[in-house]
Amino acid sequence: MLVELVRTLTRDGLRLDGSLALPDGAAAPSASASVPAPAALLLHGVGSNFYSSSTLEPLASALRGAGWAVLMVNTRGHDLVYAASVGSVRRRLGAAYETVADCCLDVTAWVELLAQRGFSRVALVGHSLGAIKALYSQAHAPQPQVACVVAISPPRLSCAAFRAMPESSVFEQSLTQAQRLVEAGRPDELFTCQFPFPLLITAGGYLDKYGPAERYNILRFAANVSCPTLFVYGGKELAEGGIAFAGMPEALAELPGRERRQVTVIDEADHVYTGRTEPLTQTVMAYLSALAS
């Protein structure tokens, strides 16, 4: 398989990298083609990158075999920490420093690159935090080329829910530590949070992602995504993944606009679909095929 290493520049001046693979045996699309050329834009999870997702790679292969171009990309939250220029300013970025809402800039830049290449029908696919970014971007900065969203295992990032769970003391410790640093005027100071898992993150970034504002609680904005959306969860992660996943299919079903949403559960699958990537791939491909028919 041949891929093209590509890059884009976001509107705030950040360069992002990715890889573009054409459908198996296909040439690049023509801008004058009568049938819109389809492409899938794949977004990694927290701290990952475009070349290391074991969950998305089997899906990428199936998409290419079914006639889709596949663009696997970095968002500014790729890896843990890296240095980059944003415009003329040198900054630290990565999972430790990201503001999730900036995904709107990243997704827009990548969709525009696909449009420039002649791909006018885009399936936006994300896993974990990448799924939250797919939903958030299309709720707050929708792109007309995005025909559908596939959200694979987006967690519920709800401060209220975390505070109500039996093991809330672990969350409260991390939240309190972040709040004290921010109140002391040190929002960019790194600390190792213990919830939802040990992660090096800035105090401000932790409050942004997990704090009382609940900016990224998908139950607050999923209904604002106007295009068809598939949610996929693993049966094992729903049963054993804690409050971030418990009851999510039922909660999504209660939101307005349910006719635009489909929720599927993959039996026995954990958060990364260990040993269950084949049924995950089959589910996503069947959904995309049904939309195109």
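Refer to the structure printed above.
Residues numbered from 1 in each chain as written. Predicted model: local features only at pLDDT ≥ 70, side-chain atom pairs only at ≥ 80, totals over all residues. Heavy atoms only, no water.

Engineer: Could you give an account of the packing of helix α2 (residues 103-116) against helix α3 (residues 129-140), naming the residues involved and the relevant values?
Structural biologist: Helices that pack against each other are described as a pair by the angle of their axes relative to one another and the distance between those axes. Packing of α2 against α3 brings their axes to within 9 Å, and their N-to-C directions diverge by 85°. In terms of orientation, α2 lies roughly perpendicular with respect to α3. The segment α2 lies against α3, with C103, C104 and V107 engaging K133, Y136, S137, Q138 and H140. Residues of the contact of α2 with α3, tallied by class, amount to four nonpolar, three polar and one charged. (Axes fitted to C-alpha atoms, helices over the stretch in contact; angles between N-to-C directions. Helix = DSSP H or I, 4+ residues; strand = E, 2+ residues; numbered from the N terminus. Parallel < 35°, antiparallel > 145°, perpendicular 65-115°, else oblique. Contact = heavy atoms within 4.5 Å. Nonpolar A, V, L, I, M, F, W, Y, C, P; charged D, E, K, R; others polar.)

Engineer: Now, about helix α9 (residues 277-292): what can you tell me, with residues and values included?
Structural biologist: For α9, spanning 16 residues, the distance from its first C-alpha to its last is 23 Å, which sits close to the expected 22 Å at 1.5 Å a residue. Here α9 has its buried residues at P279, L280, T281, T283, V284, M285, Y287 and L288. (Expected span 1.5 Å × (residues − 1). Buried < 20%, exposed > 50% of the residue type's maximum accessible area, 1.4 Å probe, protein only.)

Engineer: How would you sum up the environment of A164? Please name residues and give values.
Structural biologist: Tracing the backbone through its elements, the reader meets A164 in helix α4 (residues 159-164). Here the alpha-carbon distance between A164 and I243, two residues 79 residues apart in the chain, equals 8.9 Å.

Engineer: Would you mind going over the packing of helix α1 (residues 57-65) against α9 in detail, with residue names and values included?
Structural biologist: One way to put it is that α1 packs onto α9 with a least axis distance of 9 Å and a crossing angle of 40°. Between α1 and α9, the interaxial angle falls into the category oblique. Once α1 is placed against α9, the crossing between them reads as right-handed. Between α1, through P58, L59, A62 and L63, and α9, the contact on the second element is made entirely by T277, T281, V284, M285 and L288. Grouping the constituent residues of the contact of α1 with α9 by class yields seven nonpolar, two polar and no charged. (Left-handed = near helix turned anticlockwise from the far one by under 90°.)

Engineer: I'd like a description of the state of the cysteines, backed by residues and values.
Structural biologist: Scanning the entire structure with this criterion turns up zero disulfides. With no disulfide partner, C103 has as its closest neighbouring cysteine sulfur the one in C104, 4.5 Å distant. Cysteine C227 is unpaired, with the sulfur of C148 as its nearest cysteine sulfur at 6.6 Å. (Disulfide = S-S within 2.5 Å.)

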